[in-house]
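Fold and geometry: a report
Listed below are the residues making up each chain.
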Amino acid sequence: MSRRSPLVEQVCGQLRQGGAVAVVGPTGFGKSEVLDAVSTQWQAAGEPVVRLSSAPADAHIAYAPLVDLFAVCPAEVSGQLSDLQRSAMDWVLRRVAGPEPDASTFRVTVLSCLQAWGRRARPLLVADDVHWWGPGSLDVFGFAARRSRGSVSLLAALRPDGPSPHDVLGGGAVEIGIPPLSPQESAAIVRSYGLPLRTAGRIHAATGGNPRLVSDIACGLARAGTSATALDVRPLAPHARKATHAWLADLAEPVRRVLLLAALAADPSLDAIRRAAGVTADAALAAAEAAGLIRVADGAVLFPAPVVREGVIAEAGGEAVGRAHRALAEVSAGADDRTWHEASALAPASSAPRLVPGLADAAAAARERGDRARAAEFGLLAVDRADGTRSDLLVEAARDAAAAGRLDLAWTALDRLERTQAGPAASARARIAVVDAAGRGAALLADVAAQALADATAAGEPMLVSAAHRRLAWSTHVNRGYPIEALAHARHAVTWAERAGDRAGHAAAVTLAARIQQGRGLTGDAGALRLVLESGGEIGLGGAGGSGRANGSGGVFASAGPDWSAGGSRIDDDPRWVLVRFALLDDRLGEAGLLLDELTRTLGRDGGPADLSRLVGIAVQIHAHSGEGHTAREEAGRLLDLGRELGAAPGPPWYAAATAELAGGTLEQALAYARLGLSASEEEADMVFVAQCLQLTGMTRLLLRDTAGALADLLRVRELARDLAIGDPAAIRFDADLAEALVSAGDLDAAARTVSAARHRAEELGRRGVLASLDRAEALCRTATGDFGSAEELLVRSLDAFAELGYPLECGRVLLTHSAVEHRRRRPARARELHARAEEVFHQAGAPLWGPGRPEQAGTPSWLAGLTDAEKRIAELVAEGYGNRDIAAALYVSVKTVEAMLTRIYRKFGVRSRVQLVALARKDERHQGR
């Protein structure tokens, strides 16, 4: 219930103020759960709660909800009623027989009961499942509610298609809508069942955040017995059957019939549904929309929870589905839609070879207009109608699925292909498509990529061998971080592409090799990359001045013949994409933005959703670094939505969201997003993004003054960077933050070594942004030793560099650091001036202040005055009884560092031992308590 706590507090607050609240939401949105939580709070305060409810079986029982009220009415209350009113109560409770009292008697009885009860206490009357109440109960309750507002508090849970709040609670009732679960809330529920975050994203997208469906599906998957992995593509709809069955049972048969048409329609426009359903369409759609099952917007019928669409189809049964498809085929305006419905109207086991050419043409048309998911669906249906024997259609379907980022469809195509007599070439192509569809989860499919290489080798097709080597290089380097092995695969890919005369494959392999070497801090392959770019016209770089076309995979390369070098969406193979990344590493934000704009224009014509997600992810980085926090957050939200729709790896989108929050949200939310990205990347064995997310959590914890947590994260980043052989300090910019954390922990020697080592590599590679960050970190080292003059020079240099590079938030961080240094120098006026300048920088950017507050922080015990932050932490731990080893473990420093700092603390306080230091702290506590 913690996820609904703000809503519960809002309801309780309104009840105390106004006395009547209607909680409104579609079926499955947790209205009863909110009522339960409010009732618990009310009872905890010592106030009585009366719960009135009903069920479908009670709908025919007159005044059934009044049984709950009269059954718990205290004798002291009923004793104040008239004989006639007590007789009405007895009739409802079936204590007496006889004719039913008239409605006016019930109205006055309920009103008198509530008013008498209200004179003794203020009960909370909670009305649940009101849509099952009969008209008599609604009439009586509404009459009493309108007149007892000052005596009782009233709370009701209502559906959009049920009675209005005015009818149930009277005029003036406060209406509070229950929103769907946020992605984070859905993730929390799904992960509580032991399922990975990629699955959580799929479930949230499929349910639209409907709490009931999220819980049911997560529970069903967990109980299915098969161990869930990050790449789990099991269907979700079967686990939502119980809920959808109950919801659909509430609807009249004409409404269910029109819902089925909407669920099956290739063209879900309002006009198409009206043509297929006839005159009953509008009324049926209105009823379904009021029940929260669909939404009619912009002339289209949409399912907020797509899994409900699948449930509607499953509940209807094969015969009804066939009839609906035939009805839709008759009114379809387009030939492709008509072919789809004609083929789908056949029984699953039926084959219809006459329909295969039309379905194949429809797949090609969908591919041409960029709807690769629809192309894959057409292709798979064509295979069904061809009696499952067309391996060529299955390979095309797999490639289309990969371009759309639909791992589920790609797996389906590969699974069906393996049941045919397809040769090794077709198998290799389909396996490559599956690896591509997995995106950054490809590390979990190393066996699939290895088999693709074996199949390609067996087929004797050099182009396929090159493509398989590229997938293995990508997976090995980007996901697992084995650069030497990855580089070997990339070099093999170059050789085999040359042998095949595959210019596009060659360009992609050279690009990948250059990226691998760049991560190691080596630039030897940059020349080859430049040659690839200069020959763009010859190799057919789409949008780069060449005459090439978009290849069949939806990428930007083209070749002379059928392109099997790219199995799916492979923007990472495009040299221009690597140039964008190189520009970011070199702190050329403006140039990176221009290159990204050019690439986006190209991919807008030729690319798929997976390409788009990568482009948006980089756009978030550019906007965030440029201090455009609002835009960064908007783009990050778009990226999260896109990733969930694709069922893609959630690590990169959460990482982008954390970056955007640092630039335009809150530090706390940034940390929450970064931790989600970390968990998702760990689940998918994506060790490069594990390191990236840890760098963000470490930085954010440092800004939140959680030094121990920051140090733990950043030390782990350092270990991962070594394991991954990352030699470019701009690839994961953690060194300056690690040095600052070490300074805060009191380990000045380790901080100085960190700065020195990173500075050496940054100077070799010309990484100006890294050097500016290291200047800031070194200034803190100098400040800790009392060398304020050198610290100030370093900070001025850092500020100038960040200003020149166009990093406003980093400028603000330098100003905050300079303010802290001036505070240590006992120059408060200058410290306040610098802090005000930093505040203005963050305010203009719309970013959270990257600091805990002004330098003059209140609340520090007086006995700690004169100590550095690190010394204060150690002194406090000593006062709490920690030993030196425990302190070292808590602060992630060595015991030797703790001992050295304690010596400095003793010297500053004029004490000689731990006992005297503790006595000093106790004396200060007694003084403060007076």
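It should be noted that the structure appears before, not after, this text.
Described below are features of the structure shown in this document. (Residues numbered from 1 in each chain as written. Predicted model: local features only at pLDDT ≥ 70, side-chain atom pairs only at ≥ 80, totals over all residues. Heavy atoms only, no water.)

What to know about the packing of helix 11 (residues 211-223) against helix 12 (residues 241-249)
The relative placement of two packed helices is expressed as an angle between their axes plus a distance between the axes. Here helix 11 crosses helix 12 at 145 degrees, and the two axes come no closer than 9 Å. Across from Arg212, Leu213 and Asp216 in helix 11, the residues of helix 12 making contact are Lys242, Ala243 and Trp247. For the contact of helix 11 with helix 12, the class distribution of residues is 3 nonpolar, no polar and 3 charged. (Axes fitted to C-alpha atoms, helices over the stretch in contact; angles between N-to-C directions. Helix = DSSP H or I, 4+ residues; strand = E, 2+ residues; numbered from the N terminus. Contact = heavy atoms within 4.5 Å. Nonpolar A, V, L, I, M, F, W, Y, C, P; charged D, E, K, R; others polar.)

Considerations on the pattern of salt bridges
In this structure the tally under the stated criterion is 54 salt bridges. Linking Asp384 and Arg416 is a salt bridge whose minimum nitrogen-to-oxygen distance equals 2.8 Å. Here Asp384 is found in helix 20 (residues 372-385), whereas its partner Arg416 is found in helix 22 (residues 407-417), with 32 residues between them in sequence. Residue Arg416 is classed as partly exposed on the basis of its relative accessible area, which comes to 25%. (Salt bridge = Lys/Arg side-chain N within 4 Å of Asp/Glu carboxyl O. Buried < 20%, exposed > 50% of the residue type's maximum accessible area, 1.4 Å probe, protein only.)

Side note on the sheet that holds strand 5 (residues 174-177)
Sheet architecture is open: 5 strands sit in the order 2-3-4-1-5, paired in parallel fashion. Pairing within the sheet leaves two strands with one partner each, and these edge strands are strand 2 (49-52) and strand 5. On average, each strand axis in the sheet is inclined to that of its neighbour by 15 degrees, with strand direction left out of account. Those strands touched by helix 2 (residues 31-44) are strand 1 (20-24), strand 2, strand 3 (124-127) and strand 4 (153-158), and its axis lies near 160 degrees from that of strand 2. (Pairing = 2+ DSSP bridges.)

Let's talk about the packing of helix 36 (residues 687-703) against helix 38 (residues 735-745)
At a minimum axis distance of 10 Å, the contact between helix 36 and helix 38 shows a crossing angle of 40 degrees. In terms of orientation, helix 36 and helix 38 fall into the oblique class. Every pair of crossing elements has a handedness; the one defined by helix 36 and helix 38 is left-handed. Here helix 36 contributes Gln695, Met699 and Leu702 to the contact with helix 38, which in turn contributes Asp737, Glu740 and Ala741. Here the contact of helix 36 with helix 38 is built from residues that sort into 3 nonpolar, 1 polar and 2 charged. (Parallel < 35°, antiparallel > 145°, perpendicular 65-115°, else oblique. Left-handed = near helix turned anticlockwise from the far one by under 90°.)

Re the pairing of strand 1
Burial of strand 1 is extensive: 5 of the 5 residues sit out of reach of the surface. Here strand 1 shows a buried face lined by Ala20, Ala22 and Val24 and a second buried face lined by Val21 and Val23. One ladder, built from 5 bridges, connects strand 1 with strand 4; its direction is parallel. Bridge pairing links Val24 to Leu158 in strand 4. Summarising the sheet, strand 1 and strand 5 pair through 4 bridges and their orientation is parallel. In the strand pairing of strand 5, Val24 is matched with Gly177.

Quick look at the nonpolar core
If you look at the biggest cluster of nonpolar residues, it comprises 171 residues, and the most contacted ones within it are Leu259, Val308, Trp850 and Ile874. Of the residues forming this core, the biggest block, 10 residues, is contributed by helix 36. By size, the runner-up hydrophobic cluster in this structure holds 51 residues, among which are Phe378, Ile432, Ala438 and Val448. (Core = buried A, V, L, I, M, F, W, Y, C linked by side-chain atoms within 4.5 Å.)

Here we look at empty space enclosed by the protein
Under the counting rule described, the total for this entry stands at 4 cavities of 30 Å³ or more. Taken as a whole, the second largest cavity encloses approximately 140 Å³ of empty space. Lining the second largest cavity are 17 residues, and of these Leu197, Gly201, Arg644, Pro650 and Trp654 lie nearest its centre. Elements with a minimum of two residues in the lining of the second largest cavity: helix 9 (183-191), helix 10 (197-207), helix 33 (629-646) and helix 34 (651-664). Within the lining of the second largest cavity, the residues separate by chemical class into 10 nonpolar, 4 polar and 3 charged. (1 Å grid on protein atoms, 1.4 Å probe; cavity = no way out; pocket = protein on both sides within 12 Å on 5 of 7 lines; lining within 4 Å. Points joined across faces, edges and corners; volume = space filled by probe spheres on them.)

Things to note about the side chain of Asp232
Residue position: Asp232 is located in the loop between helix 11 and helix 12. Reaching out from Asp232, the side chain makes a polar contact with the side chain of Arg234 at a distance of 2.8 Å. Apart from residues no more than four positions distant in its own chain, Asp232 is found in contact with Thr199 and Arg202. (Polar contact = N/O pair within 3.5 Å; in protein donor to acceptor, adjacent residues only side chain to side chain.)

Overview of unusual backbone geometry
Even without being glycine, Arg94 reaches a positive phi, approximately 60 degrees. Looking at the element boundaries, Arg94 is found in the loop between helix 5 (83-92) and helix 6 (103-120). One non-glycine residue, Asp298, adopts positive backbone phi at about 55 degrees. Considering the arrangement of structural elements, one finds Asp298 in the loop between strand 6 (295-297) and strand 7 (300-302). Under the relative-accessibility criterion, Asp298 is labelled exposed at 84%.

Describing the environment of Thr785
With respect to the helices, strands and loops of the structure, Thr785 is situated in the loop between helix 40 (768-784) and helix 41 (788-805). Looking at Thr785, the relative accessible area reads 56%, which means it is exposed. In the structure, Thr785 is positioned 37 residues away from Leu748 in sequence and 8.6 Å away in space, judged by C-alpha atoms.

Details of the packing of aromatic side chains
Considering all chains together, one arrives at 8 aromatic pairs under this definition. Members of the aromatic cluster, connected to one another through ring pairs, are Tyr63, Trp91 and Phe106. Lying across the ring of Phe143, Arg107 places its NZ or CZ 5.7 Å from the centre. Sitting over the face of the ring of Trp340, Arg374 holds its NZ or CZ atom 4.0 Å from the ring centroid. (Phe/Tyr/Trp six-rings, centres within 6.5 Å; stacked < 30°, edge-to-face > 60°. Lys NZ or Arg CZ within 6 Å of the ring centre and 35° of its normal.)

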